[in-house]
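Letter by letter, the chains look like this.
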Amino acid sequence: MVETGPLDPSRGGGGRIDRVDDDEAGLFALVDQVRRIRALTTGGLFDTDLDPLTAQLREVADRLEAASASTERRQAVTWSTGDYVTNCPVVGRSNVLAPPIAFDILDDGTLRGEVTLGLEYQGPPACVHGGMVALLFDVVLGRANFHAGATGMTVYLDVDYRSPTPVLEPIVVTGRQVRVEGRKIWAQGAIHAGDRLCATAEGMFVEPGGLLLENRRRLAGG
Ligand SMILES: CCCCCCCCCCCC(=O)SCCNC(=O)CCNC(=O)[C@H](O)C(C)(C)COP(=O)(O)OP(=O)(O)OC[C@H]1O[C@@H](n2cnc3c(N)ncnc32)[C@H](O)[C@@H]1OP(=O)(O)O
């Protein structure tokens, strides 16, 4: 059973975590513009001829493609430099899928982040897609584990959808580690809209032994 007391959305304080501000290459600034386009084009309704805009976007995409390192190289660099956080699909400032959310860590290790999700995350009318809700939980629980010092890969994630999670309104996402037994780690989380509980989750994570190190070595080509 998820204990919602420590996940109270009105708790304040704490310091920002996982915030990477160094944007020497200008990538975060560029991705911010792609996010604007992503938000505007979801179910886009425009009172203008789109063809010239499409041509401009194609040109920009062509120029980026010509200047870009390969996907494989980018994947290898992500893991060799520890840049995962900036590429995460929830908190990552260089991932266009990410809203992105910024989490604060409270004094007992609970993470708390506020976000307003746009139409691109909509499932049922006015509601956040259930898969997106699960993604938010997977990340907040994973980051809570990381900051508590014991982390692993998700082996189960049990989500209870208790009331609709709204799009276009602020929601609060919370998560914390609750127990560690050897390689096994449990964490719990909640999503609220104001005082209303939208969803809760419990996840179990297993420290994957040498698997990730092996993968990182393989991606780095040695
Ligand atoms: C450092 C990370 C950085 C992570 C870096 C950050 C990246 C972000 C990650 C975000 C989160 C994700 O998306 S993770 C991606 C989604 N998850 C995955 O792809 C994981 C796929 N699963 C796996 O690859 C594997 O299950 C492993 C490597 C996690 C564990 O395999 P294993 O080493 O063989 O361990 P195994 O013996 O099977 O299980 C260990 C114990 O857990 C129990 N167990 C296993 N599955 C379950 C289950 N569903 N429900 C209950 N219990 C279970 C087993 O009974 C056993 O208990 P006992 O007999 O010991 O008592």
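Residues numbered from 1 in each chain as written. Predicted model: local features only at pLDDT ≥ 70, side-chain atom pairs only at ≥ 80, totals over all residues. Heavy atoms only, no water.

For the protein chain, the name recorded in an unreviewed UniProt entry is Acyl-coenzyme A thioesterase THEM4, with Dietzia psychralcaliphila as its organism. Per UniProt, the comment on the protein chain under Sequence similarities (unreviewed entry) is "Belongs to the THEM4/THEM5 thioesterase family." (UniProt positions renumbered as here; feature names shortened; annotations may be inferred.)

Engineer: I keep staring at the sheet that holds strand β2 (residues 103-105) and nothing clicks. Help me out?
Structural biologist: Either a parallel or an antiparallel arrangement is found when strands of a sheet pair, and the pairing is made through backbone hydrogen bonds. Read across the open sheet, the seven strands follow the order β1-β2-β3-β5-β6-β7-β4; overall the sheet is antiparallel. Each having just a single partner strand, β1 (15-17) and β4 (153-161) make up the two edges of the open sheet. Each strand of the sheet is rotated relative to its neighbour by a mean of 25°, with strand direction disregarded. Note that β1 and β2 share three bridges and pair antiparallel. Paired with Ile17 across the strands is Phe103, a residue of β2. (Pairing = 2+ DSSP bridges. Helix = DSSP H or I, 4+ residues; strand = E, 2+ residues; numbered from the N terminus. Axes fitted to C-alpha atoms, helices over the stretch in contact; angles between N-to-C directions.)

Engineer: Please clarify how the confidence of the model for the protein chain should be interpreted in this entry.
Structural biologist: Low-pLDDT portions of the prediction should not be read for the details of their coordinates. Model confidence for the protein chain is summarised by a mean pLDDT of 95, while 100% of its residues fall at 70 or above. Scoring of the predicted complex yields 0.96 for pTM and 0.95 for ipTM. (pLDDT = per-residue confidence, 0-100.)

Engineer: Honestly, the environment of Ala187 in this entry has me stumped. Any pointers?
Structural biologist: One can find Ala187 in strand β6 (residues 184-193). Separated by 46 residues in sequence, Ala187 and Leu141 place their C-alpha atoms 5.8 Å apart. Those residues in contact with Ala187 that sit more than four places away from it in its chain are Leu141, Asn145, Arg176, Gln177, Val178, Ala201, Glu202, Gly203 and Phe205. (Contact = heavy atoms within 4.5 Å.)

Engineer: In this structure, what is going on with the pattern of salt bridges? I would like to understand it.
Structural biologist: Close approach of charged atoms lets side chains of opposite charge pair. Evaluated as defined, the whole model comprises 11 salt bridges. When the shortest N-O distance is used, the salt bridge between Arg16 and Asp104 registers 2.7 Å. Here Arg16, found in strand β1, pairs with Asp104, found in strand β2; they are 88 residues apart in sequence, far enough to count as distant. By relative accessible area, which is 46% here, Arg16 ends up partly exposed. According to the relative accessible area criterion, Asp104 is buried, its value standing at 17%. In this structure, Glu114 engages Arg112 in a salt bridge whose closest nitrogen and oxygen atoms are separated by 3.3 Å. On the basis of relative accessibility, which here comes to 16%, the residue Arg112 falls in the buried class. (Salt bridge = Lys/Arg side-chain N within 4 Å of Asp/Glu carboxyl O. Buried < 20%, exposed > 50% of the residue type's maximum accessible area, 1.4 Å probe, protein only.)

Engineer: Hey, could you run me through the pairing of strand β5 (residues 170-181) in this one?
Structural biologist: On any regular strand, side chains alternate: one points to one face of the sheet, the next to the other face. Where strand β3 (residues 111-116) lies against β5, six bridges are found, and the strand directions are antiparallel. Its bridge partner lying in β5, Thr116 is registered against Pro170. Alignment of β5 against β6, held across nine bridges, turns out to be antiparallel. Within the sheet, the bridge partner assigned to Arg179 lies in β6 and is Trp186. Hairpin connection between β5 and β6: a loop of two residues separates the two successive antiparallel strands, and Gly182 in this loop has a positive phi of roughly 60°.

Engineer: Help me understand the packing of aromatic side chains, please; the structure alone is not making it clear to me.
Structural biologist: Here the distance between the centres and the angle between the planes together describe a pair of aromatic rings. Summed over all chains, the structure comprises one aromatic pair. Look at Trp79 and Tyr84: their rings are 5.2 Å apart centre to centre, the planes differ by 15°, and that puts the pair in the stacked class. The side chain of Arg143 reaches across the aromatic face of Phe146, ending 4.5 Å from its centre. The ring of Trp186 has Arg179 sitting right over it, with the charged end atom 3.9 Å from the ring centre. (Phe/Tyr/Trp six-rings, centres within 6.5 Å; stacked < 30°, edge-to-face > 60°. Lys NZ or Arg CZ within 6 Å of the ring centre and 35° of its normal.)

Engineer: Looking at this structure, how should I read the nonpolar core?
Structural biologist: A general feature of soluble globular proteins is that nonpolar side chains tend to end up buried together. By size, the foremost hydrophobic cluster in this structure holds 32 residues, and its most contacted members are Phe103, Leu117, Leu136, Phe137, Ile171, Val173 and Ile191. When residues of this core are traced back to their parent elements, those giving at least two are β3, α5 (130-148), β5, β6 and β7 (196-206). Per-element accounting of this core gives the leading share, eight residues, to α5. Among all residues touching Leu136, those that are not within four sequence positions of it are Val90, Ile101, Leu117, Ile171, Val173 and Ile191. (Core = buried A, V, L, I, M, F, W, Y, C linked by side-chain atoms within 4.5 Å.)

Engineer: What's the story with the UniProt feature "domain: Thioesterase" (unreviewed entry) in the protein chain in this structure? I'm lost.
Structural biologist: As annotated in UniProt, the feature "domain: Thioesterase" (unreviewed entry) corresponds to residues 128-196 in the numbering used here. Taken as a whole, residues 128-196 contains 28% helix and 46% strand, while its terminal C-alpha atoms sit 15 Å from one another.

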